Structure formats: structure tokens, C-alpha cells
Amino acid sequence: HFVKHEHLIPPKNVSMLNYTCAAMEEHEQERDISNIDPQECVRPGDDNRLLVVRHSRVHPPFSVVLSTMLYCAEFITAAVMCSTYQKSDDRIWMGCTITFMLFPAVLIQLALTFIHRDLGRDRPLVLFLHLLLLGPVIRCLEALVMYFKAGKKEEPYVTISRRIRLKKGQQTPMEWEIGQLERNLAAHRDAFKRATVIQAFLGSTPQLTLQLYATIQEKYILPLRLALMIITLISITYGALVCNILAIQIRYDDYKLRLRPAAYICMIVWRGLEIATRITALVLFSTALTHWIILFWARKGSLAENVEKNLSKLGTTVVLCMFTLLYACINIFCWSAVQLDLTHRELIEKRQRWDRLALYYIGRFLENFLLITLWYFFKSDFYEYVCAPLLVVQLLVCYGLAVLFMLLFYQFFHPCKRLFKYNVHDCLHCVCCRNSFFEQVFQCFPDLCRVLSVR
């Protein structure tokens, strides 16, 4: 809703008396609260009062800058790597590297242009830079300019945003004003989140797999190739982290969420180990058995209703095909955190399906074990100086640690864990409580992790 500063509209389910009392208290205090963070204004004991904040604090666009830096670093490093392949006459490696460099870059330009709807606006410079594959750079500069302009001038019209804040199990309704610049800055953040996922799973993941495969086949490590692999691994881990955050925001859209640093650390370790183990298993298997097939598991469904209101039939089909391709690529290498459903209007399921999560990780663990076992029996002479049994154990242990950190996140660090009907501890307790040893472990383990999470 667009309203002026002088008029605040009381939300639904809140009495006019409580709302008027809150406004009178605000005027009596006679202090400027425009720079106060909404998180600091919560009164947990007052459940019937709506907390009103004039302005929410504008946060720096760190995610936009980080996404742009990863995009530029990977693109430049891959371009230099192509030049190295050309000098050494490795045309196959050069062609694949160029493909995995340009394909996600073009998709990112199309995604940013589509999200910001620039085709119907008079912005020739921005469109020209997108043609030069520099769209993320100009978008990042626009976001930085918006951030430095925010708060310097009071805007005549604002957007009223209402969310529910969770704190120690209590739900507190909140309302605050969002200006035009802040809304545009949020649009930039959302667009770069989508671009980060595209870059990670349609570009960085196949690029890392290719470079690791080339390293094993050529039996030596180039410093530039190693740098490219490190950059792509960071990009994939960050993309998987964004997938988790997007999934939480989609499922709990009515809540104002804030992740703690421990939650970010837990997700980074979980995603980093999961992706590194998966890619290593695939590459080792492909070096031992060159004739192998990757299977895509796709769900059948018709086009969702009301999806093609703003697009043509062809445009809708292209968008859904790209969305399905992205979803398939994510699930090949890691858990997507959301389930694709083409028959649903929003294309995804919002329910937390613990059974699918358990089946996915059990199946993926068995699949990785099978791939590594086949590599162990059919490995080439290149691995004579490598302790193969130790490598197999390390990969399986790393994947087990990834699952462990995933369980820790959902049990102790998820921002909406109090809204779960059943948590991880309940599911594991139902499976393992029959054994007395596991029962003692599950009685002591939550207390230890709860202490660590509080600290």
C-alpha cells in the first residue's frame, strides 16, 4: 500500500484503541526513531500491540557486490584459461571451458533484464552493457548508488510492510515503512539471488567438474586452473547457500527472519562438504569408466494455471524449461531445498517434506558409495601413488559430516525451527530409540548442542 508519512493505516486484527495508544506514546516520547532497527523495538511481553517503526534500517548490498565479484572473477579466470588451452592446442578443453563460461553469462543477462523489465524502458546504455555481458557490473553500481542515496531525503510516499517477528517462540506483528529507493534496492538483491543460483549450477558446477577432470587426465596441476577451481567452488557453495535462504523466505513469507552467524557457518560447511564430495565422486568415476550416463529424474506435469498472464505461450514454455533445467542441475549435485511442482501456481511446494529430505540423502549416499566403489576397482595406473582406500573413507566421511551439519542446522539454527510440527530430533528418535545406545546418545546430544547454540 502506498501512503503518506502523515497517515499510518492500522492493520487487520488490531484494535483501533491499541493502535491509537501506540501512536500517542510515540508522540509523547518526542524522539526520532528513523534510524532504529525494527529488531530492537520488540516488546516480547505485549502480544496484542502492533509495533510501528517509521523506517527500517537500510543494509549495505553486500550480496550484490559478492555476486558481481564472483561473476567477474570466474569469467576473467576462465577467459585466461581458454587462452592457455589455445596456446597448448587443447581444443576440447578450450571449447568446453568457453561453453561453460558463456552459457551462464548469457542466461544471467537475460534473467536480470527480465526481472527488471528493461525491454520496455528507455535504457539503451544498460541494454548495451548487457550485450557486452557486463550487466551485473552496471546493476551493482546502480545498487551502490541507491544505497548511498537512501536516507538523505525523505520520500513523500512509502510502502507499508507487515511481518511477524519470531523471538523465543513468541510472534510479534510488526509494521514499518519502506521507501522507493529501499524497494528498488531490495529488487536488486532479489535479482542477484536468482543470478547467483544460475551462475553456480549452470556455470560453476560444470566448470569445476571439467577442470578437475582435465587435471586428472593431464596428471598435473596448473596454478591458473587451480585458481579457477577454487573460485568455482566458492561460487557453488554461495549459490547453494542462497538456495537455502530463498527456500526459507518462500516458505515463511509472512515472517521477518534473521539468520545468526552460527547458522551461516553451519550451512557453509554443510553445502561445501556436500558439493565437494559429490563432484569428486563423479569425476573419479568418470575417469575410471569413460562410458557413463547421467540420469535426470523429472516430474511430469502440465503448465500451471495463470502463469502465462504476462508472457506468451512460447515465453512461458521457455521459462519453465529453463527452470526445470536449473532444478535438475541443482539436484544432481546437492539438495535443492525446494521441490518443483509444475502443476502448482507458484511452481514449487511450500511444505517441509522430511521424508523427501531423508530419501534424497540416503539415496545420494548410496549412489556416491557405488560410484566410489566402481572407481576403486576400475581405477587407472595414475592412482598408484595414492592411498585409494583412505581416499574412499575420506570421501564417505566428508559426506557424512555434511549430513551431520545439515541436521544441526534444521534442529538448532533454523530461524523458524519453533514452527516445525516435527523436528529432526523427533524423526531420529523414532528411528533409533529402540536401541539403548542410540537412546542414550540422543538424550545427551541435544543438551550439548543447545549449550553451544546459546553461546
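Just so you know, these numbers come straight off a predicted model, no measurement behind them.

K.L.:
How do you make sense of the overall build of the protein when you look at a structure like this?
P.N.:
Counting its regular elements, the protein contains 13 helices and 7 strands. Considering the protein as a whole, with its 455 residues, one finds that 42% of them fall into the buried category. Sequence-distant contacts, at least 24 apart, represent 74% of the contacts inside the protein between residues at least 6 apart. Carbon and sulfur atoms make up 64% of the accessible area of the protein, which totals about 25,600 Å².

K.L.:
Honestly, the environment of glutamine 180 in this entry has me stumped. Any pointers?
P.N.:
Note on placement: glutamine 180 falls in helix H6 (residues 180-218). Under the relative-accessibility criterion, glutamine 180 is labelled partly exposed at 36%.

K.L.:
Would you take a moment to explain helix H10 (residues 354-378) for this structure?
P.N.:
Helical periodicity: at 3.6 residues per turn, an α-helix aligns residues three or four positions apart in one direction. Under the 1.5 Å per step criterion, the end-to-end length of H10 is 36 Å for 25 residues, consistent within 8% with the ideal 36 Å. Among the residues making up H10, those that are buried are Trp354, Leu357, Tyr360, Tyr361, Arg364, Asn368, Leu371, Ile372 and Trp375.

K.L.:
Please explain the UniProt feature "transmembrane region" (unreviewed entry) in the protein as it appears in this structure.
P.N.:
Here the UniProt feature "transmembrane region" (unreviewed entry) sits at residues 64-86, 92-115, 127-148, 226-247, 268-294, 314-338, 358-378 and 390-413. Taken as a whole, residues 127-148 contains 86% helix and 0% strand, while its terminal C-alpha atoms sit 24 Å from one another. The distance separating the terminal C-alpha atoms of residues 358-378 is 30 Å; by composition the span is 100% helix and 0% strand.

K.L.:
Whenever I open this one, the nonpolar core confuses me. Can you help?
P.N.:
Nonpolar side chains in soluble globular proteins generally cluster together in the buried interior. Counting 72 residues, the largest nonpolar core has Val197, Phe201, Trp270, Tyr361, Phe409 and Tyr410 as its most contacted members. Of all elements in the fold, only helix H2 (62-87), helix H3 (91-116), H6, helix H7 (223-251), helix H8 (261-288), helix H9 (313-333), H10 and helix H11 (388-413) reach the threshold of two or more residues within this core. Once residues lying within four places of it in the same chain are set aside, the contact partners of phenylalanine 201 are Pro206, Ile236, Gly239, Ala240, Cys243, Leu326, Cys329, Ile330 and Cys334. Counting 8 residues, the second largest nonpolar core, distinct from the first, contains Ala78, Trp93, Leu210 and Ala214.

K.L.:
Explanation requested: H3 in the structure shown.
P.N.:
Across its 26 residues, H3 extends 38 Å between first and last C-alpha, which sits within 8% of the 38 Å expected from 1.5 Å per residue. Restricting attention to buried positions, one finds in H3 the residues Trp93, Thr97, Met101, Pro104, Ala105, Leu107, Ile108, Gln109, Ala111, Leu112, Thr113 and His116. At the exit of H3 stands arginine 117, carrying a positive phi of roughly 55°.

K.L.:
I would appreciate a short explanation of the packing of aromatic side chains in the present structure.
P.N.:
Aromatic ring pairs are reported here in terms of the distance separating the ring centres and the angle at which the planes meet. Under the counting rule described, the total for this entry stands at 11 aromatic pairs. Between tyrosine 376 and phenylalanine 377 the ring centres are 5.4 Å apart and the planes differ by 80°, which places this aromatic pair in the edge-to-face class. Residue classification places tyrosine 376 among the partly exposed residues on the basis of a relative accessible area of 31%. Within the aromatic cluster, the residues linked to one another by ring pairs are Trp335, Tyr360, Tyr361, Phe365 and Tyr399.

Criteria and thresholds
- Residues numbered from 1 in each chain as written.
- Predicted model: local features only at pLDDT ≥ 70, side-chain atom pairs only at ≥ 80, totals over all residues.
- Heavy atoms only, no water.
- Helix = DSSP H or I, 4+ residues; strand = E, 2+ residues; numbered from the N terminus.
- Buried < 20%, exposed > 50% of the residue type's maximum accessible area, 1.4 Å probe, protein only.
- Contact = heavy atoms within 4.5 Å.
- Areas by Shrake-Rupley, 256 points an atom, 1.4 Å probe, with all protein chains shown as cover.
- Expected span 1.5 Å × (residues − 1).
- UniProt positions renumbered as here; feature names shortened; annotations may be inferred.
- Core = buried A, V, L, I, M, F, W, Y, C linked by side-chain atoms within 4.5 Å.
- Phe/Tyr/Trp six-rings, centres within 6.5 Å; stacked < 30°, edge-to-face > 60°.

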